[in-house]
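Understanding the architecture of this molecule
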Amino acid sequence: MKVTKTVNRLLFVAVKKIIVIDIHPFFVSLPFNMGRILSIDYGAKRTGLAVTDTLKISANPLDTVETTSLPDFLTAYLSAENVEEVVIGAPRKNDNTPSENMARVERFVKKFRTLFPDIPITLYDERYTSVLAHRAMIDGGLKKKARRDKALVDKVSAVILLQNYMESKQYKRT
């Protein structure tokens, strides 16, 4: 199937038939290669990753990678996808002081900025994302054995982090 885009129509050429579909002017004005937002739930052993769709409507799990291989994973992913912003979880205690993992996160942020200087970074409060991830998995009906998968918890935590960030910036459309 061949797709040709014109100003306000899409032409689909398939099996010797041409189908013309009128497009609403709103959709014509949308950029077709919008960037995503990537969230990183950085941990000492594993790092959970989540990403938005190109319209920034929903947060979706991407992967959980070993923290030692995170720079290689990000290099490959960022070269393949248009990411316009990265949100990194800022671990804080209940009294708003940095947690013990914050020093690791700050080192990672420094390394990220040297590897990808053109991508803006936002540190966002990640308090209670792991607790919320466990609750979401229980509410979703996951068995106890599946909930013990720490990689899954990290990935769900990254999704919750990204959803919270999007809601705070009103990316989410209702």
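Bear in mind that the values here come from a model prediction, so they are computed numbers and not experimental data.

1. Focus: unusual backbone geometry
The phi torsion of most residues other than glycine is negative, and most of the peptide bonds are trans. In this structure, lysine 56 takes a positive phi of about 60 degrees despite not being glycine. As for its position among the elements, lysine 56 is in the loop between strand E5 (46–52) and strand E6 (59–66). Judged by its relative accessible area of 5%, lysine 56 falls in the buried class. A positive phi angle, near 70 degrees, is found at asparagine 96, a position not held by glycine.

2. Some points on the packing of aromatic side chains
Scanning all chains against the criterion turns up five aromatic pairs. Here tyrosine 42 and phenylalanine 108 contribute two aromatic rings whose centre-to-centre distance is 4.7 Å and whose plane-to-plane angle is 20 degrees, an arrangement assigned as stacked. Remark: phenylalanine 108 occurs in helix H3 (residues 102–115) and tyrosine 42 occurs in the loop between strand E4 (36–41) and E5; sequence separation between them is 66 residues. The class for phenylalanine 108 is buried, based on a relative accessible area of 7%. Look at phenylalanine 112 and phenylalanine 116: their rings are 4.9 Å apart centre to centre, the planes differ by 50 degrees, and that puts the pair in the tilted class. Overall, the relative accessible area of 13% leaves phenylalanine 116 in the buried class. Taken together, Tyr42, Phe108, Phe112 and Phe116 form an aromatic cluster joined through their ring pairs.

Rules behind the numbers
Residues numbered from 1 in each chain as written. Predicted model: local features only at pLDDT ≥ 70, side-chain atom pairs only at ≥ 80, totals over all residues. Heavy atoms only, no water. Helix = DSSP H or I, 4+ residues; strand = E, 2+ residues; numbered from the N terminus. Buried < 20%, exposed > 50% of the residue type's maximum accessible area, 1.4 Å probe, protein only. Phe/Tyr/Trp six-rings, centres within 6.5 Å; stacked < 30°, edge-to-face > 60°.

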